[in-house]
Amino acid sequence: MAMKESLDIHNTNTEQSPEEPMLQWFTPAGTQWQFKFGCTDYAAAREAAAQCSIFMSDDEDEHTDNVFRSCYNCMYRRWQPTSFQCYKRYAES
Amino acid sequence: MKTWLICIDDTDDIGTKGTGEIAEEIVAKLISAECGAVQSKRAITESVTRHQLFVHPDIPYTSHNSAMCFQIDSALGLEQIKQICVAHLKQESAAAADPGLAILDLTSDYNQPQLIAFGQQSKVEVKTKEQAYSLATELGVDLSEHGGTGQGIIGSLAGLGLRLSGQDGRVKGQLQLGLHIDESTQVQMNVADVLANTGLQAVISVDGERLADDQVLTLRGKIKAVYCQYQFALLVAQEAGLWVNASKQQLKSY
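Residues numbered from 1 in each chain as written. Chains lettered and ligands numbered in written order. Predicted model: local features only at pLDDT ≥ 70, side-chain atom pairs only at ≥ 80, totals over all residues. Heavy atoms only, no water.

Colleague: Go over the packing of aromatic side chains, please, and point to the residues and values.
Modeller: Enumeration over the complete set of coordinates arrives at twelve aromatic pairs over all chains. Relative to F37(A), the ring of F35(A) lies with its centre 5.6 Å away and its plane at 70°, an arrangement referred to as edge-to-face. Since its relative accessible area comes to 2%, F35(A) is described here as buried. Measuring from ring centre to ring centre gives 4.8 Å for Y227(B) and F232(B), while their planes differ by 50°; the resulting arrangement is tilted. Across the pair, exposure class does not vary: Y227(B) and F232(B) are buried alike. Lying across the ring of Y61(B), R78(A) places its NZ or CZ 3.9 Å from the centre. (Phe/Tyr/Trp six-rings, centres within 6.5 Å; stacked < 30°, edge-to-face > 60°. Buried < 20%, exposed > 50% of the residue type's maximum accessible area, 1.4 Å probe, protein only. Lys NZ or Arg CZ within 6 Å of the ring centre and 35° of its normal.)

Dropping the structure here:
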């Protein structure tokens, strides 16, 4: 137990990559990120976009969420049959 | 004077001008070429409609795979219309795009059910360029590619069919009611006033019910239209006993 607490403290002190918080909602998939929550989890898409440093609105006609800042409204999302992939890494490269 | 149906697809890339905007610009250029001036307000029937196509790993779309279609009455001939469309596509399409252009003379004798079927199939299955060219030749649709792989011809032909189905497409842009409305405020107007202010042809519920002229609507946020039942329509839904304009989630199926 003591060992586990020690490791946790160590992890907390480790400098986080700016990308790491986004991994709550995404899984790395090649050069893109795979959204974990599908096409209709609006709460998750809004939470993720709120934390994202490079959210960029797509053309308003392509928005599918009434809340503006949502991954579902972002220019960097590429729709898939059951979810979307984020081109964030692509965009930053 | 003839009536033309024109559709473009696959003109953009991430961060570049959208296909819908390019379609709007082509409409303006076609009107300008005929009238010599840009009209400040166009008929609702000249609106650009956005048609969702199949999302599948085998289809090389940018981010959402949609085609943009519009209808226009013009005395210009096919070659003049095509020349204006192609020049603008070449000028405005993204370098990585694969633009396609489809032009149909609606006064011609063509097999409309076959074109509609192609559009509807393109929402649920992968189509090939060969299939698109073959059908276009058979129906007399002018179908052409303008860069890259030219894959956009599939969507542009499909977009014509979907528009002709009368039951597909979101209208590009937002409707202006002459009132300031945002997310936090709402206004009430009856159907007749909404139609008079916007030029729309109907108010239709998400269940397909056409609302009467005296029905009161509660409007808020962005007011968007769809093409359904062969009408440019405001889509509405029941919410707490009120008829409200459809949310983006409800508009998504169009």
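Now that the structure is up, let's keep going.
Colleague: Give a detailed account of unusual backbone geometry, specifying residues and quantitative values.
Modeller: Negative phi is the rule for most residues except glycine; trans is the rule for most peptide bonds. Residue and element names in this part refer to chain B. Located in the positive-phi region is Y230, a residue other than glycine, with phi close to 60°. Checked against the element boundaries, Y230 lands in the loop between β10 (225-228) and β11 (231-239). Even without being glycine, A240 reaches a positive phi, approximately 50°. What makes A240 exposed here is its relative accessible area of 80%. (Helix = DSSP H or I, 4+ residues; strand = E, 2+ residues; numbered from the N terminus.)

Colleague: Explain helix α1 (residues 19-35) of chain B to me, using residue names and the numbers behind them.
Modeller: Residue and element names in this part refer to chain B. With 17 residues, α1 should cover 24 Å at 1.5 Å per step; its first-to-last C-alpha distance of 24 Å lies within 8% of that length. Among the residues of α1, those classed as buried are T19, G20, I22, A23, I26, V27, L30 and I31. In this structure, the buried side of α1 is in contact with β1 (2-9), β3 (66-74) and α2 (78-92). (Expected span 1.5 Å × (residues − 1). Contact = heavy atoms within 4.5 Å.)

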